[in-house]
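# Per-entry structural report
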Amino acid sequence: MQPSARFVPYLQGGAAAFVSDISESKRQKDIGGTFEADLRAGVGSGFLICRGWSLNSELFFEHISNAGTQTRNVGINALGGLLGVSRSF
């Protein structure tokens, strides 16, 4: 990154695993297991407004499923956005 850059684009991605009890609800058909995988990817940018402060925006995609370990595995997909203000120290 350039020290004098005012505009900083970025890409990010990640994965996580978690435990949930949503599979116990028979009313929903999307999540079928106790252990779930969470995959995320995003593209965003930060714009430096003054020393240590920036405005940030991001568009992201998220997928939650049990990765085929159970018979119920439709999963949940989400597309969203974030707007924020950051303070760097």
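Residues numbered from 1 in each chain as written. Predicted model: local features only at pLDDT ≥ 70, side-chain atom pairs only at ≥ 80, totals over all residues. Heavy atoms only, no water.

### A few points about the overall build of the protein chain
What the protein chain contains, in helices and strands, is zero helices and four strands. Each helix (α) and strand (β) of the protein chain, taken in turn from the N terminus, gives the series β-β-β-β. Relative to the 2.2 N^0.38 estimate, which gives 12 Å for 89 residues, the radius of gyration of the protein chain is 18 Å and therefore markedly larger than a compact globule would have. Taken along its principal axes, the extent of the C-alpha atoms in the protein chain is 55 × 20 × 20 Å. Put simply, the protein chain has 89 residues, and 25% of those count as buried. (Helix = DSSP H or I, 4+ residues; strand = E, 2+ residues; numbered from the N terminus. Rg over C-alpha atoms; globule rule 2.2 N^0.38 Å. Buried < 20%, exposed > 50% of the residue type's maximum accessible area, 1.4 Å probe, protein only.)

### A few points about a nonpolar patch on the surface
Nonpolar side chains collect at one region of the surface, where F7, F47, I49, W53, L55 and V85 lie side by side and expose about 570 Å² of accessible area between them. Elements supplying a minimum of two residues to the nonpolar patch: β2 (35-50) and β3 (53-65). One can find F47 in strand β2. (Patch = residues over 30% accessible without salt bridge, like charges linked within 9 Å, V, L, I, M, F, W, Y side chains within 5 Å. Areas by Shrake-Rupley, 256 points an atom, 1.4 Å probe, with all protein chains shown as cover. Salt bridge = Lys/Arg side-chain N within 4 Å of Asp/Glu carboxyl O.)

### Here's the deal with the pattern of salt bridges
On inspection of all chains with the given rule, the structure shows two salt bridges. Ionic pairing is found between E62 and R40, a salt bridge with its closest N-O pair at 3.1 Å. With E62 in strand β3 and R40 in strand β2, the pair connects residues that are 22 residues apart, well separated along the chain. Taken together, the shared-partner salt bridges in this structure form one network comprising D38, R40 and E62.

### Looking at the sheet that holds strand β1 (residues 7-19)
The strand order β1-β2-β3-β4 describes an open sheet built from four strands, whose pairing is antiparallel. Single-partner strands in this sheet number two, and they are β1 and β4 (76-87). Looking at each pair of strands side by side, their axes are set apart by 20° on average, direction ignored. Judged from the 13 bridges that link them, β1 and β2 form a sheet pairing that is antiparallel. Across the sheet, residue A17 finds its bridge partner in β2, namely A37. (Pairing = 2+ DSSP bridges. Axes fitted to C-alpha atoms, helices over the stretch in contact; angles between N-to-C directions.)

### Quick notes on the environment of G44
Here G44 is to be found in strand β2. Take G44: its relative accessible area is 10%, and that puts it in the buried class. In contact with G44, other than residues within four places in its own chain, are V8, P9, Y10, S57 and E58. (Contact = heavy atoms within 4.5 Å.)

### Description of the pairing of β3
Here 13 bridges tie β2 to β3, and the two strands are oriented antiparallel to one another. Its bridge partner being in β3, G44 is matched across the sheet by E58. Where β2 folds back on β3, the antiparallel hairpin that results is connected by two residues, among which G52 adopts a positive phi of roughly 85°. Two strands pair when backbone bridges link them, and β3 and β4 are joined in this way by twelve bridges, in the antiparallel orientation. Directly across from L59, in β4, lies its bridge partner G81.

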